[in-house]
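Residue-level structural notes
The chain contents come next:
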Amino acid sequence: MTDSKYFTTTKKGEIFELKAELNSDKKEKKKEAVKKVIASMTVGKDVSALFPDVVNCMQTDNLELKKLVYLYLMNYAKSQPDMAIMAVNTFVKDCEDPNPLIRALAVRTMGCIRVDKITEYLCEPLRKCLKDEDPYVRKTAAVCVAKLHDINAQLVEDQGFLDTLKDLISDSNPMVVANAVAALSEIAESHPNSNLLDLNPQSINKLLTALNECTEWGQIFILDCLANYTPRDDRESQSICERVTPRLSHANSAVVLSAVKVLMKFMEMLPKDLDYYGTLLKKLAPPLVTLLSAEPELQYVALRNINLIVQKRPEILKHEMKVFFVKYNDPIYVKLEKLDIMIRLASQANIAQVLAELKEYATEVDVDFVRKAVRAIGRCAIKVEQSAERCVSTLLDLIQTKVNYVVQEAIVVIKDIFRKYPNKYESVIATLCENLDSLDEPEARAAMIWIVGEYAERIDNADELLESFLEGFHDESTQVQLQLLTAIVKLFLKKPTETQELVQQVLSLATQDSDNPDLRDRGYIYWRLLSTDPVAAKEVVLAEKPLISEETDLIEPTLLEELICHIGTLASVYHKPPSAFVEGSRGVMHKRLPARTGSGEGTECPDVGNAAGGSAPEAAPSIIPSQGDLLGDLLNLDLAPPTTTGPTPSTSGMQMGGMDLLGGGLDSLMDESEPLGGDIGGSPAMGAGFGAAPTVMPASLNAPVGGGLGDLFDLGGGVGMPMGAYIPPKTVWLPAMKAKGLEISGTFARRAGVIQMELVLTNKAMSVMTDFAIQFNRNSFGLAPAGPLQVLTPLGPNQTIEVSLPLSTVGPVMKMDPLNNLQVAVKNNIDVFYFSCQYPISMLFVEDGKMERQVFLATWKDIPNDNESQFQIQDCHLNSEAASNKLQGSNIFTIAKRTVEGQDMLYMSIKLSNGIWVLAELKVQAGNPNYTISLKCRAPEVSQCVFQCYEAVLKN
């Protein structure tokens, strides 16, 4: 009879019987009783009353009985901590048992008993087991260290177990090495800043040697550890890749994906012209294809990972399109994922094949799949221009099938094709209009209305078509109502005489009868535009549309890099970073791919076409464009005085660009766009954009803030009134001997939200100077004169004049070295003179730079730790309140303050004129003249300049 008999009994008074049997002299009876106890425990009965009796059975040589008792102990030790101490002696004894299985069993159980009282007794036995002669005991003890660290981290560090664990990486047994790596990785995960796995070429070599002889899970631990290592150069990178490549042919798919992760990461460092690089690309394809012959669940995981790999390196699988063709018996989740990858791999070379497949899929019975297939045809048209015509005719064939949902999806994608290729395929509009009555889904109706409105001049009965939609206006979804409103306004602007009644009808429906604020607002805007300035209305409503990008669903490059570093984990299935779904105290490290050491060209293959906006998806945008020929730029400046002078730009206007609240990258520095102001001193267009002075003052520092963050920061007291902004003393920028007698000195100031360049011009020559003009070279933050240099009277010999020049931040951008360097050209009637000066970056700190506390905390966590810089400010004798007031005068805002062990911690935020946020933590200790400041920013290159500002403001 099997052990199932132990689960069938439900007698009353059983506990007393079991107690007697547990104390029996007969070994067999004891074993039977313990089995019954474990069975009762498994089905949820409370048998904790038998704790002392079961613990007494530990003193036995029988391995099976010992395992059962240990199992019971793990379950009940937490609820009976005082009784559990009775078992300690047996553990200590078992750790010295001649049988290695018993020694390992004892140390494994010790790690699973999460009772603080017992933990300290386990240190000695664990120390012995870590140095045991038997590898089975050592590998078990290595895992036990990680478990013990989870219970009491301090104890593990004090006892030196971490050093012993590091020594085990050099163990002769591969399984011990793998478990030591696994334990150290787990401990390092919960302490992201500790440098536990201090990997160097020697230890990497040991791991690679152990890799060949480990079990499959050991191999995964070692490969995951290798993925966190950054090789010194491409040579070391190639050597590691060569030794990891054999893992690609492993039977376990987890090992294969871990190996792919290591290779994808280290390939970043290999020059693309290297023969080995091409070989490696070829070797990566077969294992990924093999994963697709597994069961559906594994296929899905493989496909989600392949989706990431294809976005990063499409060339790996560009010849493997056929394996992603859908099989009739694939589950829907596999079909949809395959479809996505097919579109990513579509290129001019294989588009005919792909379209034939997609057309086939569009006649399937699974509605979701058919919809996705029709959308896929549209995406192919947008991605591969040469195929657009073929895609459109395929879509028209599908519309002729008159299958409702196929027709609706086709109309939605044709709208996108019209956007991508204007004035090319509009001949199909008549066919689309025939299917107007069959549309019942909001997205399809909205798409059709957009087409009718956009091409109203080509559709004879456009007004009748739109009027038919208008009849049930209030029953339509918001999406359709908004589209209908815009379409009728477009129609009115194209055919004003025929549609006046129609436009009045839709405007009154939108503004008077609707309770949707979006619809009402849009209605009022159109109404006012049409009634006050029809020409402006035409320019706004009928403006040329920007072309839509080829790939709108590519993962953002920095996120893609992070996900590539998490291949084979849940993050790669969810396509979200671990921080998005891992909760709890465990720190989540943001991982990045290493920088390439070889050639710097993008990784897109020519067949596959570029990603969104025509840039390779993996080429991370350079934060600020690099310097060109600076002298050449300055020599080509047009230094004629400007004819028009725009009003002084205000910072509040400048913040209008689509800045991310959490201050993502240096958005406005991404491209070297032309300055809004045109020539030197602004223009009417620029004045219109940047008119009024800022009306919104920063919120009071004393304003109460609700929510948990106040408690977290434990705000101590209010902060006093801010002092004035810091203005550096004037310095000589251009000596007279270098400028034919013209001496220029000056400084920069920020007043009422406007940046001023304050110049002192001195004529040390014998002749009169006139016709002054000024121009700046392209610079890191787009500083440019907002008006002409106002020297209204001739400058006679030995005369001095002070001039204040307002500056804007909408000029052309280029990264300078140092970042705050400004190259200036000044012209007068004698010559053109060049000089460079450095402006304090605090001039760019804007008035609305005070971040909400919740946003501050979320942003601080979100910015990678690698972007944090720490500096010392020495010989500063201010207390924290005085420091806070002084800094606020320069738009450095204190969000919160807390006191920890006599040390004041000030949490501060700064916003630069181009939308970059800098977060700071300033530590001020009473009586200590040295402050510590930590700065975090998504553009770490600004940190040094920001620190210099802190130093200048606090010391002056």
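Details of the structure are given in the entry above.
As a starting point, this report considers the structure included with it. (Residues numbered from 1 in each chain as written. Predicted model: local features only at pLDDT ≥ 70, side-chain atom pairs only at ≥ 80, totals over all residues. Heavy atoms only, no water.)

Strand order in the open sheet made by the 3 strands is 4-7-8, with antiparallel pairing throughout. Each end of this open sheet is capped by a strand with a single partner; those strands are strand 4 (773-776) and strand 8 (832-838). With strand direction ignored, the average angle separating the axes of adjacent strands in the sheet is 25°. Alignment of strand 7 (residues 821-827) against strand 8, held across 7 bridges, turns out to be antiparallel. Residue pairing across strands places Q823 opposite S836, the latter belonging to strand 8. (Pairing = 2+ DSSP bridges. Helix = DSSP H or I, 4+ residues; strand = E, 2+ residues; numbered from the N terminus. Axes fitted to C-alpha atoms, helices over the stretch in contact; angles between N-to-C directions.)

Most often, soluble globular proteins have nonpolar side chains that are buried together. In terms of nonpolar packing, the biggest core is built from 208 residues, with Y72 and F418 touching the most fellow members. Not counting residues within four places of it along the chain, the set of residues in contact with F418 comprises Y425, E426, V428, I429, L432, W450, I451 and Y455. Counting 65 residues, the second-largest nonpolar core is a separate cluster that includes I774, I933, F947 and Y950. (Core = buried A, V, L, I, M, F, W, Y, C linked by side-chain atoms within 4.5 Å. Buried < 20%, exposed > 50% of the residue type's maximum accessible area, 1.4 Å probe, protein only. Contact = heavy atoms within 4.5 Å.)

Here we take up the state of the cysteines. Applying the stated criterion across every chain, the model contains 0 disulfides. C144 carries a free sulfur, and the closest cysteine sulfur to it, the one in C112, is 7.8 Å from it. (Disulfide = S-S within 2.5 Å.)

Between helix 28 (residues 478-494) and helix 30 (residues 517-532), whose axes approach to 10 Å, the crossing angle comes to 10°. Viewed along their axes, helix 28 and helix 30 adopt a mutual orientation that is roughly parallel. Of the residues in helix 30, those in contact with Q481, L482, L485, T486, V489, F492 and L493 of helix 28 are D518, L519, R522, G523, Y526 and L530. Taken together, the residues that form the contact of helix 28 with helix 30 break down as 8 nonpolar, 3 polar and 2 charged. (Parallel < 35°, antiparallel > 145°, perpendicular 65-115°, else oblique. Nonpolar A, V, L, I, M, F, W, Y, C, P; charged D, E, K, R; others polar.)

You can see Q219 is positioned in helix 15 (residues 216-227). Overall, the relative accessible area of 3% leaves Q219 in the buried class. Side-chain polar atoms of Q219 contact the backbone oxygen of C214, separated by 3.3 Å. (Polar contact = N/O pair within 3.5 Å; in protein donor to acceptor, adjacent residues only side chain to side chain.)

As for its placement among the helices and strands, K738 is situated in the loop between strand 1 (731-734) and strand 2 (742-751). Note on K738: relative accessible area 65%, which makes it exposed. Sequence separation between K738 and F835 is 97 residues; the distance between their C-alpha atoms is 9.5 Å.

Once that is clear, we can look at the pairing of strand 9 (residues 868-873). Burial along strand 9 is one-sided: the residues S869, F871 and I873 are buried and none of E868, Q870 and Q872 is. Inspection of the sheet shows strand 9 paired to strand 13 (residues 931-937) by 6 bridges, in the antiparallel sense. Bridging from a neighbouring strand, F871 pairs with I933 of strand 13.

This brings us to the environment of L395. Within the fold, L395 resides in helix 23 (residues 388-400). As for L395 and I377, which are separated by 18 residues in sequence, their C-alpha atoms are 7.6 Å apart.

As a further point, take the packing of aromatic side chains. Taken as a whole and assessed by the stated rule, the structure comprises 11 aromatic pairs. An angle of 80° between the planes, with centres 5.4 Å apart, marks the rings of F418 and Y455 as edge-to-face. One end of the pair, F418, is in helix 24 (residues 404-420); the other, Y455, is in the loop between helix 26 (442-454) and helix 27 (462-470), and 37 residues separate them in sequence. In terms of burial, F418 and Y455 fall into one category: buried. An angle of 85° between the planes, with centres 6.2 Å apart, marks the rings of W450 and Y455 as edge-to-face. Of the aromatic side chains, those joined through ring pairs into one cluster are W733, F748, F835 and Y839. Of note, K335 hangs over the ring of F369, and the distance from its end group to the ring centre comes to 5.1 Å. (Phe/Tyr/Trp six-rings, centres within 6.5 Å; stacked < 30°, edge-to-face > 60°. Lys NZ or Arg CZ within 6 Å of the ring centre and 35° of its normal.)

Bear in mind that shape data such as this cannot, by itself, settle questions of function.
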